[in-house]
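Below are the chains, spelled out letter by letter.
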Amino acid sequence: MAGKKTLEMKYKNAGWCFVMPAAILIFVLSFYPMVRAFFLSLQSGLANNLHFSGLRNYIRLFQDEKFLASVRNVFIYLVFQVPVMLFLALILASILNDKKLKCKGLFRTMVFLPCATALVSSALIFKSLFALDGIVNTWLLSLGILAEPKNWLQDPVWAKIIIIITITWRWTGYNTVFFLAGLQNIQTSIYEAARIDGASSAQSFFRITLPLLKPVILLTAVMSTNGTLQLFDEVQNLTAGGPGNETLTISQYIYKLSFVYNPQFGYAAAVSYMILIMVAILSFIQIKVGDKN
């Protein structure tokens, strides 16, 4: 028995040896900065003259027009972009999962390719497409739809639409991979039984595919919500938050508070914690609504 316990202890110690380096890195690079940022959010003043101010930074958030504008913009992106992206991803995954489809590898690569493109590159692609001398203006002028080139990215409404299109193009393939993996885990015998019972393709999709994909849909919805609330690269490279603050995101505002305006690290930390709170609340709601078990 003593020898068996010694062997078990050796296995446990070996396991801890493998786990500890990653655990230490996660603690140092993730948890410690989170705790430090919370204490920083309770301080006010410039970078070299910080002093404890309690919840003053959090109270200031609800009186800050720029912060409220950034929250409004982010929720516009969230409400319009995430459902459209997940719907397109589900449709593409269903098509790519078809056994009769030829050249599956090629089509799957093409769908995933935008996700492999660098964030800056994808934003610059759409910025060039919708520039004054870009392809979109050129086509619309040649078709007679426009009388003169339109500055799309300086229009508050069209700038938001272009950002939504860019994000959708960039991340739809990423979510398609999750849906495709979920579809491949559904046994074909279930569909065969439904077909024998006279179920149509639409009935099979809504009564078999969607219910069995609910965990994957929930996962992608939570991840997409998290990513949209932290949106930065695409907007920064497309519009830099303009015109005015019409496309400003919360992450951009944090960046400007820290490095563009007079450094206000305490207030920037409070804004970053508001993202954490919003992500936690929305994720909790999505999990409660989407997974009653």
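To be clear, the structure that these remarks concern was listed above.
Residues numbered from 1 in each chain as written. Predicted model: local features only at pLDDT ≥ 70, side-chain atom pairs only at ≥ 80, totals over all residues. Heavy atoms only, no water.

S.K.: Residue-level account of helix 12 (residues 250–260), with values.
M.R.: Of all eleven residues in helix 12, eight are buried; the element is thus mostly enclosed. Buried within helix 12 we find Ile-250, Ser-251, Gln-252, Tyr-253, Ile-254, Lys-256, Leu-257 and Ser-258. (Buried < 20%, exposed > 50% of the residue type's maximum accessible area, 1.4 Å probe, protein only. Helix = DSSP H or I, 4+ residues; strand = E, 2+ residues; numbered from the N terminus.)

S.K.: Explain the pattern of salt bridges to me, and be specific about the residues and the numbers.
M.R.: Tallying each qualifying case throughout the model produces two salt bridges. A salt bridge links Lys-150 to Asp-155; the nearest nitrogen and oxygen atoms lie 3.7 Å apart. For Lys-150, a relative accessible area of 25% translates into the label partly exposed. Since its relative accessible area comes to 22%, Asp-155 is described here as partly exposed. (Salt bridge = Lys/Arg side-chain N within 4 Å of Asp/Glu carboxyl O.)

S.K.: Describe the layout of surface pockets, and please don't skip the residues or the numbers.
M.R.: The computed volume of the largest pocket comes to approximately 740 Å³. The wall of the largest pocket is formed by 19 residues, among which Ser-94, Asn-97, Tyr-191, Arg-195 and Thr-209 lie closest to the centre. Among the secondary structure elements, those contributing two or more residues to the lining of the largest pocket are helix 3 (65–96), helix 7 (156–184), helix 8 (188–196) and helix 9 (201–212). Across the lining of the largest pocket, the residue classes break down as six nonpolar, eight polar and five charged. In this structure, the second largest pocket spans a volume of roughly 340 Å³. (1 Å grid on protein atoms, 1.4 Å probe; cavity = no way out; pocket = protein on both sides within 12 Å on 5 of 7 lines; lining within 4 Å. Points joined across faces, edges and corners; volume = space filled by probe spheres on them. Nonpolar A, V, L, I, M, F, W, Y, C, P; charged D, E, K, R; others polar.)

S.K.: Could you give an account of the side chain of Arg-170, with specific residues and numbers?
M.R.: Relative to the assigned elements, Arg-170 resides in helix 7. Buried charged residue Arg-170 carries no salt bridge. Nearest counter-charge: Glu-234, at 5.2 Å. In terms of polar contacts, Arg-170 uses its side chain to reach the backbone carbonyl oxygen of Cys-115, at 2.7 Å. Among the polar contacts made by the side chain of Arg-170, one reaches the main-chain carbonyl oxygen of Thr-117 at a distance of 2.8 Å. (Lys, Arg positive; Asp, Glu negative; His and termini not counted. Polar contact = N/O pair within 3.5 Å; in protein donor to acceptor, adjacent residues only side chain to side chain.)

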